[in-house]
Amino acid sequence: MQLPYFFEENPPNSGEFLLGEESSKHAVQVLRMLEYQDIHITNGLGILLTCTILSAYKKRVRVCVKERVFSPRAGKSVSIAISNIKNSGRFEIFLEKATELGITEIVPLICGRTEKIYLKKERLHKILVSAMLQSRQNWMPELKEPIKFTELIKEASADQKFIAHCIDIVNKREIPMINGSSQILIGPEGDFSENEINQAESYGYQSVSLGETRLRTETAGIVAAVLLKNRVERSL
């Protein structure tokens, strides 16, 4: 039977410590856990602790570390730079699914047609944590600060860079096999402007297709995540 998964941002490497209030409540009130039962704790940065519950109170669970394991992040870095969406719930769905798929980095992108710029980072962090725990991973995607489109394309250092858009141009093709780190740009409702596409291509981004149908921004982000992970995994 798999052990329950919990998140603690800065757990110690050994000894005893108290779980945070949220984790304590979930362990005692939701999972009905008792003393001497074991749990897993991750910090989202590759650490996995196996711990035994020493005392279980509603807001105060004390545990003792039995084992500490560090797992390096598997595969190459996969970054999705995606425009924020007017409907917050749709952006949150993308974050959840991208986390489950094991995306390395998520960059909120401010484009010319982006309608909503500000994000509730605390809420988004909780979504990332929840998705990481649900999918039983030890690594959580790094959620970057929102950045303007022109700044990102100048700073990006990925080995292979792509931009997905709806404009039908001759040199747009499917995402190729990936041999290094990768990044893909996903535009806002209304798509990237032709000028943005031309700018991205001038900085080494390759125009790619995500399929034959026109996708919503969050759907395009999820499809891109699946395709990039698939191309990376198949190239290893």
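Scroll up to find the structure this text is about.
These figures come from a predicted structure and were not determined experimentally. (Residues numbered from 1 in each chain as written. Predicted model: local features only at pLDDT ≥ 70, side-chain atom pairs only at ≥ 80, totals over all residues. Heavy atoms only, no water.)

J.: Is there a simple way to think about the pattern of salt bridges in this case?
T.: Any two side chains of opposite charge can pair if their charged atoms end up close together. Considering all chains together, one arrives at twelve salt bridges under this definition. Here R123 ties to E92 by a salt bridge, and the two come within 2.7 Å at their closest N and O atoms. Here E92 lies in helix α2 (residues 88-100) and R123 lies in helix α3 (residues 121-134), a separation of 31 residues in the sequence. Look at E92 and you get buried, because its relative accessible area is 15%. A salt bridge links K97 to E96, with the shortest nitrogen-to-oxygen separation between them at 3.1 Å. Of the residues examined, K97 reaches a relative accessible area of 30% and is grouped as partly exposed. (Salt bridge = Lys/Arg side-chain N within 4 Å of Asp/Glu carboxyl O. Helix = DSSP H or I, 4+ residues; strand = E, 2+ residues; numbered from the N terminus. Buried < 20%, exposed > 50% of the residue type's maximum accessible area, 1.4 Å probe, protein only.)

J.: Just to check I follow, could you spell out the layout of surface pockets for this structure?
T.: If a probe the size of a water molecule is rolled over the atoms, the empty space left behind becomes visible. Here the largest pocket defines a volume of roughly 520 Å³. Around the largest pocket, the lining comprises 17 residues; the ones closest to its centre are F7, E22, S23, V129 and L133. Among the secondary structure elements, those contributing two or more residues to the lining of the largest pocket are β1 (5-7), α1 (21-30) and α3. Sorting elements by how many residues they give to the lining of the largest pocket places α3 first, with six residues. (1 Å grid on protein atoms, 1.4 Å probe; cavity = no way out; pocket = protein on both sides within 12 Å on 5 of 7 lines; lining within 4 Å. Points joined across faces, edges and corners; volume = space filled by probe spheres on them.)

J.: Help me understand the side chain of S181 in this model?
T.: Take S181: it is sitting in the loop between β11 (173-174) and β12 (182-186). Contact partners of S181, with chain neighbours within four places excluded, come to K76, S77, S157, A158, D159 and Q160. (Contact = heavy atoms within 4.5 Å.)

J.: Would you mind showing me how to read the sheet that holds strand β3 (residues 38-42) here?
T.: Sheet strands line up and pair through hydrogen bonds in the backbone, either parallel or antiparallel. Taken in spatial order, the five strands line up as β1-β3-β4-β5-β2 in an open sheet, and their pairing is mixed. On the outer flanks of this sheet lie β1 and β2 (16-18), each paired with one strand and no other. Recorded for the sheet is a direction-independent mean angle of 40° between the axes of neighbouring strands. Note that strand β4 (residues 47-57) and strand β5 (residues 60-70) share ten bridges and pair antiparallel. Note on β5: the bridge partner recorded for I47 is F70. Set on the sheet, α1 makes contact with β1, β4 and β5; between it and β1 the angle comes to about 160°. Across the sheet, α3 touches β1 and β3, and the angle it forms with β1 is around 155°. (Pairing = 2+ DSSP bridges. Axes fitted to C-alpha atoms, helices over the stretch in contact; angles between N-to-C directions.)

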